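Observations on the model geometry
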Amino acid sequence: MKIIDKLTDGKVHISLELFPPKQNEYLTKVDELVEVLSKKEPFYISVTYGAGGGTSEKTIQIAKDIQDKYNIPSLAHLTCVSSSREEVLKRIEKLKEEKIENILALRGDLPTDRERSKDFKYASELIEEIKKYGDFCIGGACYPEGHPEAKDIWSDIDNLKRKVESGCEFLTTQMFFDNNVFYNFMYKVLKKGIDVPVVAGIMPVVNAKQIKRTMSLSGGMLPSRFKAIVERFGDDNESMKQAGITYASEQIIDLIANGVNNIHIYTMNKSDTAGKIMDNLSEIYRK
Ligand code: FAD
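Thresholds applied
- Residues numbered from 1 in each chain as written.
- Predicted model: local features only at pLDDT ≥ 70, side-chain atom pairs only at ≥ 80, totals over all residues.
- Heavy atoms only, no water.
- Helix = DSSP H or I, 4+ residues; strand = E, 2+ residues; numbered from the N terminus.
- Rg over C-alpha atoms; globule rule 2.2 N^0.38 Å.
- Buried < 20%, exposed > 50% of the residue type's maximum accessible area, 1.4 Å probe, protein only.
- Contact = heavy atoms within 4.5 Å.
- Areas by Shrake-Rupley, 256 points an atom, 1.4 Å probe, with all protein chains shown as cover.
- Lys, Arg positive; Asp, Glu negative; His and termini not counted.
- Charge placed at Lys NZ, Arg CZ, Asp CG, Glu CD.
- Core = buried A, V, L, I, M, F, W, Y, C linked by side-chain atoms within 4.5 Å.
- Phe/Tyr/Trp six-rings, centres within 6.5 Å; stacked < 30°, edge-to-face > 60°.
- Lys NZ or Arg CZ within 6 Å of the ring centre and 35° of its normal.
- Axes fitted to C-alpha atoms, helices over the stretch in contact; angles between N-to-C directions.
- Left-handed = near helix turned anticlockwise from the far one by under 90°.
- Nonpolar A, V, L, I, M, F, W, Y, C, P; charged D, E, K, R; others polar.
- Salt bridge = Lys/Arg side-chain N within 4 Å of Asp/Glu carboxyl O.
- Pairing = 2+ DSSP bridges.
- Right-handed = clockwise from strand over helix to strand, strands pointing away.

Bringing the overall build of the chain into the picture now. For the chain, the count of helices and strands is 12 helices and 8 strands. Over its C-alpha atoms the chain spans a radius of gyration of 18 Å, differing by no more than 12% from the 19 Å that the globule rule assigns to 287 residues. In terms of overall dimensions, the chain has a C-alpha envelope of 50 × 45 × 40 Å along the principal axes. In the chain, which comprises 287 residues, the share counted as buried stands at 54%. At a minimum sequence separation of 6, the contacts of the chain that also span at least 24 residues come to 82%. Of the roughly 14100 Å² of accessible surface on the chain, a fraction of 48% belongs to carbon and sulfur atoms. Averaging the locations of the 41 positively and 43 negatively charged side chains of the chain gives two centres separated by 1 Å.

Structure (structure tokens):
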């Protein structure tokens, strides 16, 4: 099933993301995780792709299992920052062979031990390549606060428009913690004539390690309500988890109440966190 066919049907859709485990924990970790999450009836599950290899091999296998074993559409991520055209084509062929119809096409960030691709500079070039070789539904990434390398938000949105024109059918946002940032971004995106569906990416922040990473990614643009939660509960794992789940659930409810129907939860492979958020929304997302 192509994801795009449902993104505009006016219903609420919640999708989830997981990443392939680094070691050989595949069966125990991912199977358990998908087993638990599948019961919550997510719209699709996306599987991330390591920009420099490593776990990349597992992405397609996990995406295939999600479809075949659990009958849930999967979205396989694919990056190009350190890949040759030949390597990308091999992956596209494999995706076709495994009947995976949805790809999130990304540039990726260059790992320190890899060389930059001579064939691909931007995600838009990867999208053009994918389109040449298969009938896929292709998504891309977008950044409500602007991509960190972009000169400013408007030039980033100009580049986003190029990405959409190259064949990107829907977008998924980077995580954000203030819904007004998303609403402002949508205003700008529409003003520039980008009219593909935008899936809002929500990250439940539930532990100290995540808090540190979130703080560094967001460049201090965190709402005071979020900062207060972290200050009060950051050192108490159980309280932080409960507060993080509630915060993410409230963010999602506000988005849906304001007409944003497509939400993606960055699950960070935590089935209990994702499961509790889905439970908090159970009456909302099945309508
Ligand atoms: P691009 O769209 O290529 O943009 C990168 C930068 O180049 C931006 O600053 C943009 O403004 C600029 N740009 C684009 N086109 C042009 C142009 N024609 N001329 C000049 N400048 C241009 N990383 C992983 O490694 N694996 C994953 O699985 C993964 N999944 C992700 C999922 C989501 C939803 C998101 C939001 C990010 C994900 N990332 C992942 C991270 C992503 O790879 C990085 O954020 C990366 O830095 C940018 O990737 P992109 O596809 O957005 O790049």
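Attention shifts here to the nonpolar core. One finds Ile 14, Ile 130, Leu 171, Ile 252 and Ile 263 to be the most contacted residues of the largest nonpolar core, which totals 62 residues. What Leu 171 contacts, discounting residues up to four positions off in sequence, is Gly 140, Ala 141, Cys 142, Leu 160, Val 164, Ile 194, Val 196, Pro 197, Val 198 and Val 199. Counting 13 residues, the second largest nonpolar core, distinct from the first, contains Met 175, Ile 211, Ile 229 and Tyr 266.

Once that is clear, we can look at the packing of aromatic side chains. Under the counting rule described, the total for this entry stands at 5 aromatic pairs. Relative to Phe 226, the ring of Phe 177 lies with its centre 4.8 Å away and its plane at 40°, an arrangement referred to as tilted. Placement of the pair is Phe 177 in the loop between strand E6 (170-173) and helix H7 (179-191) and Phe 226 in helix H9 (residues 224-233), with a sequence separation of 49 residues. Just as Phe 177 is buried, Phe 226 falls in that class too. The class for Phe 226 is buried, based on a relative accessible area of 4%. These aromatic residues form a ring-pair network of at least three members: Phe 176, Phe 182 and Tyr 183. Taking the ring centre of Phe 120 as reference, the NZ or CZ of Arg 85 above it sits at 5.4 Å.

A few words now on the packing of H7 against helix H10 (residues 237-257). Where H7 meets H10, the closest approach of the two axes is 10 Å, and the angle between their N-to-C directions is 35°. Of the two possible hands of crossing, H7 and H10 adopt the one that is right-handed. On the side of H7, the interface is formed by Asn 179, Phe 182 and Tyr 183, while H10 contributes Gln 251, Asp 254 and Leu 255. Here the contact of H7 with H10 is built from residues that sort into 3 nonpolar, 2 polar and 1 charged.

Our focus in this paragraph is the pattern of salt bridges. If you walk through the whole model with that rule in mind, you get 16 salt bridges. Between Asp 279 and Lys 40 there is a salt bridge, with its nearest N and O atoms 2.9 Å apart. Within this pair, whereas Asp 279 is found in helix H11 (residues 271-280), its partner Lys 40 is found in the loop between helix H2 (26-38) and strand E2 (45-47), the two being separated by 239 residues in sequence. We classify Asp 279 as partly exposed; its relative accessible area is 42%. Put simply, Glu 129 and Lys 132 hold a salt bridge, and the shortest N to O gap is 3.3 Å. Taken as a pair, Glu 129 and Lys 132 lie in helix H5 (residues 123-133) at a separation of 3 residues, close to a single helical turn.

Take the pairing of strand E4 (residues 102-106) next. Remember that side chains alternate between the two faces of the sheet whenever the strand is regular. A large share of E4 lies buried, amounting to 5 of its 5 residues. Taking every second residue as pointing to the same face, both faces of E4 are buried, with Asn 102, Leu 104 and Leu 106 on one and Ile 103 and Ala 105 on the other. Pairing between strand E3 (residues 74-79) and E4: 4 bridges, direction parallel. Opposite Ala 76, over in E4, you have Ile 103 as the bridge partner. With helix H4 (residues 85-97) bridging E3 and its parallel neighbour E4, the resulting β-α-β unit is right-handed. Alignment of E4 against strand E5 (residues 137-142), held across 3 bridges, turns out to be parallel. Bridged to Leu 104 within E5 is Gly 139. Taking the sense of rotation as the criterion, the β-α-β connection linking E4, H5 and E5 turns out right-handed.

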